[in-house]
Amino acid sequence: MLTKESQFEGFSAETVFFLKNLKENNNQEWFLARKKDYNKKVIKPAMEFVVEMGKMLEKISSEINAEPKINRSIRRIYQDTRNMSDQDPYKTFLGICFWQGKRKTHDSPGYYFELRPEALYLAAGNKIFSRKNLTAFRQAVSKQEIGDQLLGIMEKLKSKNDYKISKPFYKRIPEGYKVSDKFEDLIRFNGLLASTEIQIPPELYSQNILKFVFNIFKDFAPLENWLYKHVHFGEE
């Protein structure tokens, strides 16, 4: 629910139009000439969205971080092209993350919002585990009760046709682990993410996008909270 102080009225058609134009004109000269438009049409509503969505996510996940700043909740627009000479200099989407716990964003599970020129992508979890978190994940799914809990969460998400779940990455069961047959796939994961990609909904252009996104994040919350609890992301 929006607070009285909130200024968020949804994203505008100009937000999407800017991203579409950037995709077609991905060069420094074009972008710098329209930097003010980028700040007004993309960054400003993104900051307002972060504030309101952060408050909503506190209802379903503890210790959620929502910082309306670039390089915090709002992903920077610039690509890292140091080792990729043929890569475009700018990302052609708006990326927003809400991470859980005290660690850095890439070490923590979280909720992710990505507005592309043609679609909306939403996800929750952790795409790739750090080495420490990978060990913690494997130890967790090796325990029957905890592993069964995760399997139940994943099956419920898989029952919804629009949702996708990570698949096993490693070909073999890691050395030193013995698990029952039903956990053989789980222990071969290198990350765990629930996601969905949809055409840009009409709700994007009003405050209703908050409820629209929150309802999907609420479906993802059991997976997100399992990761936070059992993979020890919350520790210092």
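Quick notes on the rules
- Every residue gets a number counted from 1 within its own chain, in the order that chain's sequence is written.
- pLDDT decides what is reported in this predicted model: residues at 70 or higher carry local features, side-chain atom pairs at 80 or more are listed and counted, and totals for whole chains, interfaces and linings draw on all residues regardless.
- As a convention, hydrogens and water are excluded, and side-chain values are obtained from all of the structure's heavy atoms.
- pLDDT: the predictor's confidence for each residue, scored from 0 to 100.
- For the purposes of this entry, the term helix denotes a DSSP run of H or I that reaches at least four residues, the term strand denotes a run of E that reaches at least two, and both are numbered from the N terminus.
- Only protein atoms enter the calculation, which uses a 1 Å grid: trapped sets of points that fit a 1.4 Å probe without letting it out are cavities, open sets showing protein on both sides within 12 Å along at least five of seven lines are pockets, and any residue with an atom within 4 Å of a point is a lining residue.
- Grid points are joined across faces, edges and corners, and a volume is the space filled by probe spheres set on the points.
- Residues are grouped as follows: nonpolar covers Ala, Val, Leu, Ile, Met, Phe, Trp, Tyr, Cys and Pro; charged covers Asp, Glu, Lys and Arg; every other residue, Gly included, is treated as polar.
- Residues belong to a common nonpolar core when they are buried Ala, Val, Leu, Ile, Met, Phe, Trp, Tyr or Cys residues joined through side-chain atoms within 4.5 Å.
- To sort residues, take the accessible area from a 1.4 Å probe on protein chains only and compare it with the maximum for the residue type: under 20% means buried, over 50% means exposed, and anything in between is partly exposed.
- Contacts are residue-level and defined by heavy atoms, with any inter-residue pair within 4.5 Å sufficient.
- Only strands joined by at least two bridges in the DSSP assignment are considered to pair.
- With axes taken as lines fitted to C-alpha atoms, and helix axes fitted only over the stretch in contact, angles between N-to-C directions fall between 0 and 180 degrees.
- Basic side-chain nitrogens of Lys or Arg form a salt bridge, by our definition, when they fall within 4 Å of a carboxyl oxygen of Asp or Glu.

## Comments concerning the confidence of the model for the chain
Then, number 1: Mean pLDDT over the chain works out to 92, with 91% of the residues at or above the 70 mark.
Then, number 2: Looking over the chain, one finds the lowest element-wise mean pLDDT in helix α4 (residues 131-141), namely 93, and the highest in strand β6 (residues 192-199), namely 98.

## Regarding the layout of surface pockets
Then, number 1: One number sums up the size of the largest pocket: a volume of about 540 Å³.
Then, number 2: Along the wall of the largest pocket there are 24 residues; nearest its centre are Arg75, Tyr112, Asn126, Lys127 and Leu193.
Then, number 3: Of all elements in the fold, only β2 (94-100), β3 (110-115), β4 (119-126) and β6 reach the threshold of two or more residues within the lining of the largest pocket.
Then, number 4: Here the lining of the largest pocket takes five residues from β4, the largest share from any one element.
Then, number 5: Of the residues that constitute the lining of the largest pocket, the class distribution is 12 nonpolar, eight polar and four charged.

## Describing the nonpolar core
Then, number 1: Counting residues in hydrophobic clusters, the biggest one holds 65 residues, and the most contacted among them are Phe49, Met53, Phe137, Leu192 and Trp226.
Then, number 2: The element contributing the most residues to this core is helix α6 (residues 208-230), with 11 residues.
Then, number 3: Look past the residues within four positions of Leu192 in its chain and what remains in contact with it is Ala124, Gly125, Asn126, Lys127, Phe129, Phe137, Leu150, Met154, Ile165, Ser166, Leu223 and Leu227.
Then, number 4: Grouped together as the second largest cluster of nonpolar side chains are six residues, Trp99, Tyr121, Ala123 and Leu193 included.

## Observations regarding empty space enclosed by the protein
Then, number 1: Taken as a whole, this structure holds one cavity of 30 Å³ or more when the rule is applied.
Then, number 2: Of the volumes computed, that of the largest cavity is approximately 30 Å³.
Then, number 3: Around the largest cavity, the lining residues are Tyr38, Val42, Arg75, Arg76, Ile77, Phe93, Leu94 and Gly95.
Then, number 4: When contributions to the lining of the largest cavity are tallied by element, the ones reaching two or more residues are α3 (35-57) and β2.
Then, number 5: For the lining of the largest cavity, the class distribution of residues is five nonpolar, one polar and two charged.

## What about the sheet that holds β4?
Then, number 1: Taken in spatial order, the six strands line up as β1-β2-β3-β4-β6-β5 in an open sheet, and their pairing is antiparallel. Either end of the sheet is taken by a strand with one partner, and the two such strands are β1 (64-65) and β5 (164-165).
Then, number 2: Of the strand pairs in this sheet, β4 and β6 are connected by eight bridges, and their pairing is antiparallel. Note on β6: the bridge partner recorded for Ala123 is Ser195.
Then, number 3: Against the sheet, α6 makes contact with β2, β3, β4 and β6, and its axis sits at roughly 20° relative to β4, the strand it touches most.

## Things to note about the pattern of salt bridges
Then, number 1: This model, assessed by the stated rule, comprises 11 salt bridges.
Then, number 2: Glu52 serves as the salt-bridge partner of Lys55, at 3.7 Å between the closest nitrogen and oxygen. A residue pair is termed a helical-turn pair when its members lie 3 or 4 positions apart in one helix, as Lys55 and Glu52 do in helix α3 at three residues.
Then, number 3: Judged by its relative accessible area of 35%, Lys55 falls in the partly exposed class.
Then, number 4: Here Lys160 and Asp219 are joined by a salt bridge, their closest N and O atoms 3.2 Å apart. Here Asp219 lies in helix α6 and Lys160 lies in the loop between α5 (144-158) and β5, a separation of 59 residues in the sequence.
Then, number 5: Through salt bridges with shared partners, one network takes in Glu114, Arg116 and Glu197.

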